[in-house]
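Architecture and fold: a report
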Amino acid sequence: MASEPVNVNEFRELARQVLPKMFYPTYLRALWRTLLPDAMLAPRLGRREADIKNRMVAPQLKNFEGILSTDVNSDEGSKVEAFVKETFDASLCWEDIEWLKSITNLPILIKGVLTHEVARKAVEVVVAGIVVSNHGGHQLDYTPTTISVLEEEVDAVGGKVPVLLDGGARRGTDVFKALALGAQAVLVGRPVIYGLAANGEHGVRRVIEMLKDEFELTMALCGCPGVMDITRSHVRTECDSML
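Residues numbered from 1 in each chain as written. Predicted model: local features only at pLDDT ≥ 70, side-chain atom pairs only at ≥ 80, totals over all residues. Heavy atoms only, no water.

1. As for the overall build of the chain
Scanning the chain from terminus to terminus reveals 10 helices and four strands. Reading the chain from its N terminus to its C terminus gives the helix and strand order α-α-α-α-α-α-β-α-β-α-β-α-β-α. The buried share of the chain, taken over its 243 residues, is 33%. Of all intrachain contacts in the chain linking residues separated by at least 6 positions in sequence, the fraction that spans at least 24 positions is 52%. (Helix = DSSP H or I, 4+ residues; strand = E, 2+ residues; numbered from the N terminus. Buried < 20%, exposed > 50% of the residue type's maximum accessible area, 1.4 Å probe, protein only. Contact = heavy atoms within 4.5 Å.)

2. Looking at the sheet that holds strand β1 (residues 109-113)
Ordered in space as β1-β2-β3-β4, the four strands form an open sheet in which the pairing is parallel. Strands at the two margins of the open sheet, each flanked by one partner only, are β1 and β4 (185-187). The sheet shows a mean angle of 25° between the axes of neighbouring strands, taken without regard to direction. In this sheet, β4 lies alongside strand β3 (residues 163-166) in parallel orientation, the contact comprising three bridges. By the bridge assignment for β4, L165 is matched with V186. Contacts from helix α8 (residues 146-157) reach β1, β2 (129-132) and β3 within the one sheet, and its direction differs from that of β3 by about 170°. (Pairing = 2+ DSSP bridges. Axes fitted to C-alpha atoms, helices over the stretch in contact; angles between N-to-C directions.)

3. Thoughts on the environment of D174
The residue D174 is located in helix α9 (residues 172-180) in this model. The spacing of D174 and F215 is 41 residues in sequence and 8.3 Å in space, taken between C-alpha atoms. Contacts of D174, omitting those with residues within four sequence positions, involve G168 and A169. At 2.9 Å, the side chain of D174 and the backbone nitrogen of R170 are in polar contact. (Polar contact = N/O pair within 3.5 Å; in protein donor to acceptor, adjacent residues only side chain to side chain.)

4. Describing the nonpolar core
The biggest cluster of nonpolar side chains holds 34 residues, and the ones touching the most others in it are V127, I130, L150, V157, V163, F215 and I230. For this core, the secondary-structure elements that each account for two or more residues are β1, α7 (116-124), β2, α8, β3, α9 and α10 (190-221). Leaving out residues up to four positions away in the same chain, I230 has contacts with F176, L179, A180, F215, M219 and C224. (Core = buried A, V, L, I, M, F, W, Y, C linked by side-chain atoms within 4.5 Å.)

The structure is reproduced here in structure tokens:
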């Protein structure tokens, strides 16, 4: 069943009333995850505080000159946020998936899935796959790590669509763990950007090679001659019994 909408201001005021003031911030952080199923679905960009601090500017998309404007007016906050607000339609909803499928033959994947309710809804609207992602933690503070909710999403779709993991993969062992928990593939972004910034194309190639070498070594040490040999038995999570 879908959770009832939560009024954040009422929630905060209630917490202030029933808790000692010195414990309020910690308690609020502990309960924040109860807001995720509703909050993550809101078609809005989160308050990207790092962008605001760094005075992040809108990207100059030269390939889209004359098609997409990057000129935005933002007196405060992140210019990236202002750019997104002016560029994307906040009214986008599940019903629009059918329209997207009618205008392209490309596979459509839903990214940003963190709950089993959304995973099942994605299956219902017949998408080509889902991407378990918390958008790098930029959209909402205290979202769970993608690896911690991956198995929930895999179980929810029941093999009907592929499940990809996005976010947090930094080593070949991370890729191995994601595959063991049911992901069909792992998306890697930030390490590639670091490699690009450090040494251009060669840096990107080196990052990919490092991930590949670490992944293959992990497979060998776990007795897996092939990717299909990686199973759930090769990992242990906090929910698993140590006995």
